[in-house]
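# Structural features, examined
Each chain, letter by letter, is given below.
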Amino acid sequence: MALKEWMDFACYLARTSGALLLERMDTMRTIDRKSTRSDLVTDADRASEALLVQEIRRSYPTHRILGEEGTGSTDDLHQKGLLWVIDPLDGTVNYAHHLPMYAVSIGLLHDGVPQVGVVYLPVMDEIFCAGVGMGTTRNGIAVRVSDCVALSDAVVATGYPYDKHIDARDNVENTARMIKLVRGFRRMGAASVDLAYVACGRLDAYWEEKLQPWDLAGGLLLVQEAGGQITGYDGGPCGLLAGHVVAAGPALHPHVLDVLQPYVQKHGIVGNLKSV
Ligand code: IPD
Ligand code: CA
Ligand code: CA
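Residues numbered from 1 in each chain as written. Chains lettered and ligands numbered in written order. Predicted model: local features only at pLDDT ≥ 70, side-chain atom pairs only at ≥ 80, totals over all residues. Heavy atoms only, no water.

## Quick word on the coordination of the calcium ion (ligand 2)
Coordination of the calcium ion (ligand 2) by the protein involves Asp87 (OD), Asp90 (OD) and Asp215 (OD), with metal-donor separations of 2.0 to 2.3 Å. Motif for the calcium ion (ligand 2), donor spacing along one chain: D-x2-D-x124-D. Between the calcium ion (ligand 2) and the calcium ion (ligand 3), a spacing of 3.8 Å is present, and a bridge between the two is formed by Asp87. One end of the pair, Asp90, is in strand E4 (residues 82–90); the other, Asp215, is in helix H6 (residues 213–225), with 125 residues separating them in the sequence. On the basis of relative accessibility, which here comes to 11%, the residue Asp215 falls in the buried class. (Donors = N, O, S within 2.8 Å, 3.2 Å for Na, K, Ca; no water. Helix = DSSP H or I, 4+ residues; strand = E, 2+ residues; numbered from the N terminus. Buried < 20%, exposed > 50% of the residue type's maximum accessible area, 1.4 Å probe, protein only.)

And the structure:
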(Lines give C-alpha, C1' and ligand atoms only; values in the text may rest on other atoms or scores of the structure.)
(Ligands and ions follow the chains in the order given, each with its own letter.)
Protein backbone atom coordinates (compact mmCIF):
# COMPACT_ATOMS: atom_id res chain seq x y z
CA MET A 1 0.00 0.00 0.00
CA ALA A 2 1.18 3.49 -0.85
CA LEU A 3 0.44 5.02 2.55
CA LYS A 4 3.01 7.81 2.46
CA GLU A 5 2.00 8.74 -1.08
CA TRP A 6 -1.68 8.97 -0.01
CA MET A 7 -0.77 11.06 3.06
CA ASP A 8 1.19 13.50 0.93
CA PHE A 9 -1.62 13.64 -1.61
CA ALA A 10 -4.25 14.25 1.11
CA CYS A 11 -2.12 17.14 2.45
CA TYR A 12 -1.82 18.57 -1.04
CA LEU A 13 -5.60 18.32 -1.48
CA ALA A 14 -6.35 19.98 1.85
CA ARG A 15 -3.91 22.83 1.23
CA THR A 16 -5.24 23.41 -2.29
CA SER A 17 -8.89 23.56 -1.19
CA GLY A 18 -7.92 25.53 1.92
CA ALA A 19 -6.32 28.21 -0.28
CA LEU A 20 -9.54 28.42 -2.29
CA LEU A 21 -11.59 28.89 0.91
CA LEU A 22 -9.25 31.55 2.22
CA GLU A 23 -9.28 33.44 -1.06
CA ARG A 24 -13.09 33.48 -1.22
CA MET A 25 -13.77 34.31 2.41
CA ASP A 26 -14.08 38.05 1.98
CA THR A 27 -15.65 38.12 -1.44
CA MET A 28 -19.32 37.97 -2.34
CA ARG A 29 -20.84 34.52 -2.09
CA THR A 30 -24.15 32.74 -1.84
CA ILE A 31 -25.31 31.41 1.52
CA ASP A 32 -28.15 28.86 1.29
CA ARG A 33 -29.94 26.89 3.99
CA LYS A 34 -29.99 23.09 3.98
CA SER A 35 -31.91 21.06 6.61
CA THR A 36 -32.56 23.88 9.14
CA ARG A 37 -31.87 27.59 9.59
CA SER A 38 -28.46 26.72 11.16
CA ASP A 39 -27.43 24.30 8.41
CA LEU A 40 -25.79 26.44 5.73
CA VAL A 41 -23.96 25.86 2.48
CA THR A 42 -22.00 28.53 0.61
CA ASP A 43 -20.63 28.61 -2.90
CA ALA A 44 -17.21 28.06 -1.30
CA ASP A 45 -18.32 24.68 0.14
CA ARG A 46 -19.38 23.58 -3.34
CA ALA A 47 -16.30 24.96 -5.10
CA SER A 48 -14.00 23.29 -2.56
CA GLU A 49 -15.71 19.92 -3.05
CA ALA A 50 -15.56 20.26 -6.85
CA LEU A 51 -11.82 20.94 -6.65
CA LEU A 52 -11.17 18.00 -4.30
CA VAL A 53 -13.18 15.62 -6.47
CA GLN A 54 -11.47 16.77 -9.66
CA GLU A 55 -8.00 16.27 -8.13
CA ILE A 56 -8.79 12.84 -6.66
CA ARG A 57 -10.34 11.62 -9.92
CA ARG A 58 -7.35 12.87 -11.88
CA SER A 59 -4.80 11.08 -9.66
CA TYR A 60 -6.81 8.03 -8.54
CA PRO A 61 -9.58 7.35 -11.07
CA THR A 62 -10.49 4.00 -9.49
CA HIS A 63 -10.96 5.31 -5.93
CA ARG A 64 -14.48 6.12 -4.71
CA ILE A 65 -15.39 9.47 -3.09
CA LEU A 66 -17.98 10.45 -0.48
CA GLY A 67 -18.39 14.20 -0.06
CA GLU A 68 -20.78 16.28 2.00
CA GLU A 69 -22.00 18.38 -0.91
CA GLY A 70 -23.37 15.53 -2.99
CA THR A 71 -20.50 13.34 -4.18
CA GLY A 72 -21.06 9.59 -3.81
CA SER A 73 -23.34 7.91 -1.30
CA THR A 74 -23.07 6.72 2.30
CA ASP A 75 -23.66 3.22 0.86
CA ASP A 76 -20.04 3.47 -0.28
CA LEU A 77 -18.99 3.14 3.37
CA HIS A 78 -20.09 -0.50 3.19
CA GLN A 79 -18.15 -1.28 0.02
CA LYS A 80 -14.70 -2.84 -0.20
CA GLY A 81 -11.76 -0.85 -1.52
CA LEU A 82 -10.49 2.69 -1.16
CA LEU A 83 -12.85 5.52 -0.30
CA TRP A 84 -12.04 9.22 0.17
CA VAL A 85 -14.43 10.85 2.65
CA ILE A 86 -14.28 14.64 2.34
CA ASP A 87 -15.71 17.61 4.16
CA PRO A 88 -14.77 20.45 1.81
CA LEU A 89 -15.50 23.10 4.47
CA ASP A 90 -16.03 22.04 8.06
CA GLY A 91 -17.30 24.98 10.07
CA THR A 92 -19.55 26.59 7.47
CA VAL A 93 -21.43 28.69 10.04
CA ASN A 94 -18.10 30.11 11.23
CA TYR A 95 -17.04 30.76 7.63
CA ALA A 96 -20.31 32.49 6.76
CA HIS A 97 -19.87 34.70 9.84
CA HIS A 98 -16.20 35.46 9.05
CA LEU A 99 -14.94 33.51 12.04
CA PRO A 100 -11.53 31.90 11.36
CA MET A 101 -12.18 28.45 12.87
CA TYR A 102 -12.87 26.30 9.81
CA ALA A 103 -11.07 23.47 8.05
CA VAL A 104 -10.86 21.07 5.14
CA SER A 105 -11.19 17.50 6.43
CA ILE A 106 -10.12 14.44 4.45
CA GLY A 107 -10.12 10.77 5.39
CA LEU A 108 -9.05 7.79 3.28
CA LEU A 109 -10.60 4.44 4.22
CA HIS A 110 -9.66 0.97 3.02
CA ASP A 111 -12.47 -1.58 3.42
CA GLY A 112 -14.00 0.89 5.89
CA VAL A 113 -10.86 1.22 8.01
CA PRO A 114 -9.22 4.69 8.24
CA GLN A 115 -5.76 4.78 6.62
CA VAL A 116 -5.11 8.52 6.35
CA GLY A 117 -6.58 11.53 8.14
CA VAL A 118 -5.87 15.18 7.36
CA VAL A 119 -7.39 18.36 8.79
CA TYR A 120 -6.17 21.74 7.48
CA LEU A 121 -7.03 25.15 8.97
CA PRO A 122 -6.29 27.72 6.25
CA VAL A 123 -6.37 30.84 8.43
CA MET A 124 -3.89 29.39 10.94
CA ASP A 125 -2.01 27.55 8.17
CA GLU A 126 -1.94 24.45 10.37
CA ILE A 127 -2.11 20.99 8.89
CA PHE A 128 -2.76 17.91 11.02
CA CYS A 129 -1.90 14.60 9.37
CA ALA A 130 -2.03 10.94 10.43
CA GLY A 131 -1.33 7.66 8.68
CA VAL A 132 -2.30 4.36 10.23
CA GLY A 133 0.60 3.17 12.39
CA MET A 134 2.56 6.35 11.67
CA GLY A 135 1.43 8.75 14.42
CA THR A 136 -0.03 12.24 14.09
CA THR A 137 1.76 15.44 13.13
CA ARG A 138 0.98 19.15 13.20
CA ASN A 139 2.90 21.02 10.52
CA GLY A 140 5.26 18.06 10.38
CA ILE A 141 5.97 17.79 14.13
CA ALA A 142 4.69 14.76 16.09
CA VAL A 143 1.87 15.49 18.55
CA ARG A 144 0.20 13.52 21.38
CA VAL A 145 -3.08 13.81 23.26
CA SER A 146 -2.97 15.43 26.70
CA ASP A 147 -2.21 13.42 29.82
CA CYS A 148 -4.94 15.19 31.82
CA VAL A 149 -6.48 12.86 34.42
CA ALA A 150 -9.20 14.99 36.05
CA LEU A 151 -12.11 16.97 34.64
CA SER A 152 -11.28 19.75 37.07
CA ASP A 153 -8.02 20.30 35.13
CA ALA A 154 -9.56 19.89 31.69
CA VAL A 155 -10.56 22.19 28.85
CA VAL A 156 -13.28 20.42 26.88
CA ALA A 157 -15.38 21.14 23.79
CA THR A 158 -18.59 19.98 22.21
CA GLY A 159 -21.03 20.92 19.46
CA TYR A 160 -24.79 21.22 19.00
CA PRO A 161 -26.82 19.65 16.21
CA TYR A 162 -28.49 21.61 13.45
CA ASP A 163 -31.93 20.42 14.62
CA LYS A 164 -31.41 21.71 18.19
CA HIS A 165 -34.39 24.04 17.79
CA ILE A 166 -36.79 21.13 17.27
CA ASP A 167 -35.30 18.03 18.93
CA ALA A 168 -34.81 17.39 22.67
CA ARG A 169 -31.59 15.53 21.82
CA ASP A 170 -29.84 18.88 21.81
CA ASN A 171 -26.82 18.20 24.10
CA VAL A 172 -27.78 21.07 26.40
CA GLU A 173 -28.13 18.86 29.53
CA ASN A 174 -24.66 17.43 28.96
CA THR A 175 -23.17 20.89 28.70
CA ALA A 176 -24.97 22.08 31.82
CA ARG A 177 -23.46 19.19 33.79
CA MET A 178 -20.00 19.33 32.26
CA ILE A 179 -19.50 23.07 32.55
CA LYS A 180 -19.64 22.84 36.36
CA LEU A 181 -16.95 20.15 36.44
CA VAL A 182 -14.26 21.41 34.08
CA ARG A 183 -11.65 24.16 34.03
CA GLY A 184 -12.80 25.50 30.68
CA PHE A 185 -15.46 24.85 28.07
CA ARG A 186 -15.25 25.77 24.36
CA ARG A 187 -17.44 25.52 21.26
CA MET A 188 -15.14 25.60 18.21
CA GLY A 189 -17.84 25.17 15.56
CA ALA A 190 -15.96 22.62 13.46
CA ALA A 191 -15.90 18.96 14.49
CA SER A 192 -12.70 18.22 12.60
CA VAL A 193 -10.94 21.03 14.47
CA ASP A 194 -12.23 19.69 17.80
CA LEU A 195 -10.71 16.31 16.94
CA ALA A 196 -7.43 17.80 15.70
CA TYR A 197 -7.17 19.84 18.90
CA VAL A 198 -7.75 16.76 21.05
CA ALA A 199 -5.04 15.00 19.03
CA CYS A 200 -2.46 17.70 19.82
CA GLY A 201 -3.51 18.17 23.45
CA ARG A 202 -4.97 21.68 23.14
CA LEU A 203 -8.32 20.23 24.13
CA ASP A 204 -8.44 17.52 26.77
CA ALA A 205 -11.75 16.09 25.55
CA TYR A 206 -14.51 16.52 22.97
CA TRP A 207 -17.93 14.94 22.59
CA GLU A 208 -20.76 15.38 20.10
CA GLU A 209 -23.58 13.42 18.46
CA LYS A 210 -25.53 13.52 15.18
CA LEU A 211 -22.30 13.95 13.26
CA GLN A 212 -21.92 12.81 9.68
CA PRO A 213 -19.17 10.55 8.27
CA TRP A 214 -17.38 13.53 6.65
CA ASP A 215 -17.26 15.35 10.01
CA LEU A 216 -15.36 12.43 11.53
CA ALA A 217 -13.38 10.67 8.80
CA GLY A 218 -10.31 12.93 8.94
CA GLY A 219 -10.13 13.60 12.68
CA LEU A 220 -10.80 10.09 13.96
CA LEU A 221 -7.39 8.79 12.90
CA LEU A 222 -5.67 11.96 14.18
CA VAL A 223 -6.91 11.14 17.69
CA GLN A 224 -6.16 7.41 17.50
CA GLU A 225 -2.65 7.90 16.16
CA ALA A 226 -1.93 10.56 18.80
CA GLY A 227 -2.61 8.00 21.54
CA GLY A 228 -6.18 9.09 22.29
CA GLN A 229 -9.36 7.16 22.97
CA ILE A 230 -12.19 7.74 20.52
CA THR A 231 -15.47 5.90 21.06
CA GLY A 232 -19.21 6.34 20.81
CA TYR A 233 -21.29 7.55 23.78
CA ASP A 234 -21.63 3.86 24.76
CA GLY A 235 -17.86 3.38 25.00
CA GLY A 236 -17.92 1.15 21.90
CA PRO A 237 -16.16 1.84 18.61
CA CYS A 238 -16.71 5.24 17.01
CA GLY A 239 -18.70 4.37 13.89
CA LEU A 240 -18.69 6.88 11.06
CA LEU A 241 -22.38 6.23 10.48
CA ALA A 242 -23.38 6.23 14.15
CA GLY A 243 -22.17 9.81 14.48
CA HIS A 244 -21.76 10.00 18.28
CA VAL A 245 -18.24 10.50 19.54
CA VAL A 246 -16.22 10.92 22.73
CA ALA A 247 -12.54 11.75 22.17
CA ALA A 248 -9.99 12.29 24.95
CA GLY A 249 -6.71 11.16 26.40
CA PRO A 250 -6.94 7.65 27.88
CA ALA A 251 -7.02 8.77 31.53
CA LEU A 252 -9.78 11.34 31.06
CA HIS A 253 -11.98 9.45 28.61
CA PRO A 254 -13.89 7.33 31.18
CA HIS A 255 -14.74 10.46 33.20
CA VAL A 256 -16.27 12.10 30.13
CA LEU A 257 -18.33 8.97 29.41
CA ASP A 258 -19.60 9.03 33.02
CA VAL A 259 -20.88 12.60 32.68
CA LEU A 260 -22.79 11.66 29.51
CA GLN A 261 -24.51 8.62 31.07
CA PRO A 262 -27.65 10.38 32.41
CA TYR A 263 -28.25 11.79 28.91
CA VAL A 264 -27.70 8.37 27.32
CA GLN A 265 -30.09 6.77 29.79
CA LYS A 266 -32.74 9.41 29.14
CA HIS A 267 -32.46 9.61 25.35
CA GLY A 268 -30.88 6.28 24.40
CA ILE A 269 -28.26 5.99 21.70
CA VAL A 270 -29.37 6.50 18.16
CA GLY A 271 -27.32 6.47 15.02
CA ASN A 272 -27.38 9.52 12.81
CA LEU A 273 -28.23 7.70 9.61
CA LYS A 274 -30.84 5.02 8.93
CA SER A 275 -28.25 2.67 7.52
CA VAL A 276 -26.44 2.23 10.89
C1 IPD B 1 -20.61 21.05 11.30
C2 IPD B 1 -19.50 21.43 12.24
C3 IPD B 1 -20.04 21.68 13.63
C4 IPD B 1 -20.85 20.53 14.16
C5 IPD B 1 -21.94 20.15 13.18
C6 IPD B 1 -21.34 19.86 11.81
P7 IPD B 1 -20.36 21.74 8.72
O8 IPD B 1 -20.11 20.76 10.01
O9 IPD B 1 -18.54 20.41 12.29
O10 IPD B 1 -19.01 21.93 14.56
O11 IPD B 1 -21.40 20.90 15.40
O12 IPD B 1 -22.59 19.01 13.66
O13 IPD B 1 -22.34 19.49 10.91
O14 IPD B 1 -21.82 21.72 8.42
O15 IPD B 1 -19.86 23.08 9.09
O16 IPD B 1 -19.54 21.04 7.67
CA1 CA C 1 -18.77 19.17 8.82
CA1 CA D 1 -19.07 20.94 5.52
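## Observations regarding unusual backbone geometry
One non-glycine residue with positive phi stands out, namely Asn171, at about 75°. Secondary-structure assignment places Asn171 in the loop between strand E10 (155–158) and helix H4 (172–181).

## Things to note about the pairing of strand E14 (residues 245–248)
A two-sided burial pattern is seen for E14, the buried positions comprising Val245 and Ala247 on one face and Val246 and Ala248 on the other. Sheet topology note: the strand E12 (residues 205–208)/E14 ladder contains four bridges and is antiparallel. Bridge pairing in E14 places Trp207 opposite Val246. Both strand E13 (residues 229–231) and E14 contribute to a ladder of three bridges, which runs antiparallel. In the sheet register, Thr231 faces E14, and the bridge partner there is Val246. (Pairing = 2+ DSSP bridges.)

## Remarks on the nonpolar core
Ranked by size, the top nonpolar core spans 42 residues in total, and within it Leu77, Val85, Leu121, Phe128, Tyr197, Tyr206 and Ile230 carry the most contacts. Counting residues domain by domain, this core receives three or more from each of domain 1 (2–142) and domain 2 (151–266). Every residue in contact with Tyr206, bar those within four places of it in the chain, is listed here: Ala157, Thr158, Gly159, Ala191, Asp194, Leu195, Val198, Leu211, Val245, Val246 and Ala247. Residues Leu21, Ile65, Leu108 and Tyr120 belong to the second largest nonpolar core, which totals 33 residues. (Core = buried A, V, L, I, M, F, W, Y, C linked by side-chain atoms within 4.5 Å. Domains from an automatic or database assignment. Contact = heavy atoms within 4.5 Å.)

## Notes on the environment of Val41
Structurally, Val41 can be placed in strand E2 (residues 40–42). Residue Val41 is classed as buried on the basis of its relative accessible area, which comes to 2%. For the pair Val41 and Phe128, spaced 87 residues apart in sequence, the C-alpha to C-alpha distance is 24 Å. Filtering out sequence-adjacent residues up to four positions away, Val41 remains in contact with Thr30, Ile31, Asp32, Lys34, Arg46, Glu69 and Thr92.

## A closer look at helix H7 (residues 253–267)
Between its first and last C-alpha atoms H7 spans 21 Å; for 15 residues at 1.5 Å apiece the expected length is 21 Å, and the two agree. In the structure, H7 departs most strongly from a straight axis at Leu260, where the bend amounts to approximately 40° and where the proline Pro262 lies between one and four residues downstream. Elements that come into contact with the buried residues of H7 comprise H4, E12, E13 and E14. Of the residues flanking the end of H7, it is Gly268, one or two places downstream, whose phi is positive at about 75°. (Expected span 1.5 Å × (residues − 1). Bend = angle between axes of the 7 residues up to and from the residue.)

## Some words on the side chain of Ser48
Tracing the chain through its elements places Ser48 in helix H2 (residues 43–59). Here Ser48 falls in the buried class, since its relative accessible area comes to 0%. Leaving out residues up to four positions away in the same chain, Ser48 has contacts with Ser17, Leu20, Leu21 and Pro88.

## Brief notes about the site of ligand 1
Among the 15 residues in the neighbourhood of ligand 1, the closest are listed as Asp90, Gly91, Thr92, Tyr162 and Glu208. At 2.7 Å from an oxygen atom of ligand 1 is found a side-chain nitrogen or oxygen belonging to Asp90. At 3.5 Å from an oxygen atom of ligand 1 is found a side-chain nitrogen or oxygen belonging to Asp215. For ligand 1, whose unbound accessible area comes to 380 Å², protein coverage reaches 96%. The pocket occupied by ligand 1, as judged from atoms lying within 2 Å of grid points, is the largest pocket. The element contributing the most residues to the shell around ligand 1 is E4, with three residues. The class makeup of the residues in the shell around ligand 1 is six nonpolar, three polar and six charged. Looking at the shell around ligand 1, you find at least three residues from each of domain 1 (2–142) and domain 2 (151–266). (Near = heavy atom within 4 Å. Polar contact = N/O pair within 3.5 Å; in protein donor to acceptor, adjacent residues only side chain to side chain. Areas by Shrake-Rupley, 256 points an atom, 1.4 Å probe, with all protein chains shown as cover. 1 Å grid on protein atoms, 1.4 Å probe; cavity = no way out; pocket = protein on both sides within 12 Å on 5 of 7 lines; lining within 4 Å. Sits in = over half its atoms within 2 Å of the grid points. Nonpolar A, V, L, I, M, F, W, Y, C, P; charged D, E, K, R; others polar.)

## Some words on the coordination of the calcium ion (ligand 3)
The protein atoms donating to the calcium ion (ligand 3) are Glu68 (OE), Asp87 (OD) and Leu89 (O), with metal-donor distances spanning 2.1 to 2.4 Å. Of note, the calcium ion (ligand 3) draws all its donor residues from one chain, in the sequence arrangement E-x18-D-x1-L. Given a relative accessible area of 1%, Asp87 falls into the buried group. Classification of Leu89 as buried rests on a relative accessible area of 1%.

## Things to note about the sheet that holds strand E8 (residues 136–138)
One key point about sheets: their strands pair by backbone hydrogen bonds, in either a parallel or an antiparallel sense. With mixed pairing, the seven strands of this open sheet are ordered in space as E3-E4-E5-E6-E7-E8-E9. The open sheet terminates on both sides in strands that have one partner only, identified here as strand E3 (64–67) and strand E9 (141–143). When strand polarity is set aside, the average angle formed by the axes of neighbouring strands in this sheet is 20°. In the sheet, E4 pairs with strand E5 (residues 103–110) via seven bridges, with the strands oriented antiparallel. Residue Leu82 lies in a different strand from E5, and its bridge partner there is His110. Here helix H5 (residues 191–199) sits on the sheet in contact with E4, E5, strand E6 (113–121), strand E7 (126–131), E8 and E9, set at roughly 100° to E6. Taken strand by strand, H6 contacts E3, E4, E5, E6, E7 and E8, and its axis lies near 100° from that of E6. (Axes fitted to C-alpha atoms, helices over the stretch in contact; angles between N-to-C directions.)

No statement about biological role is implied by the geometric values presented.
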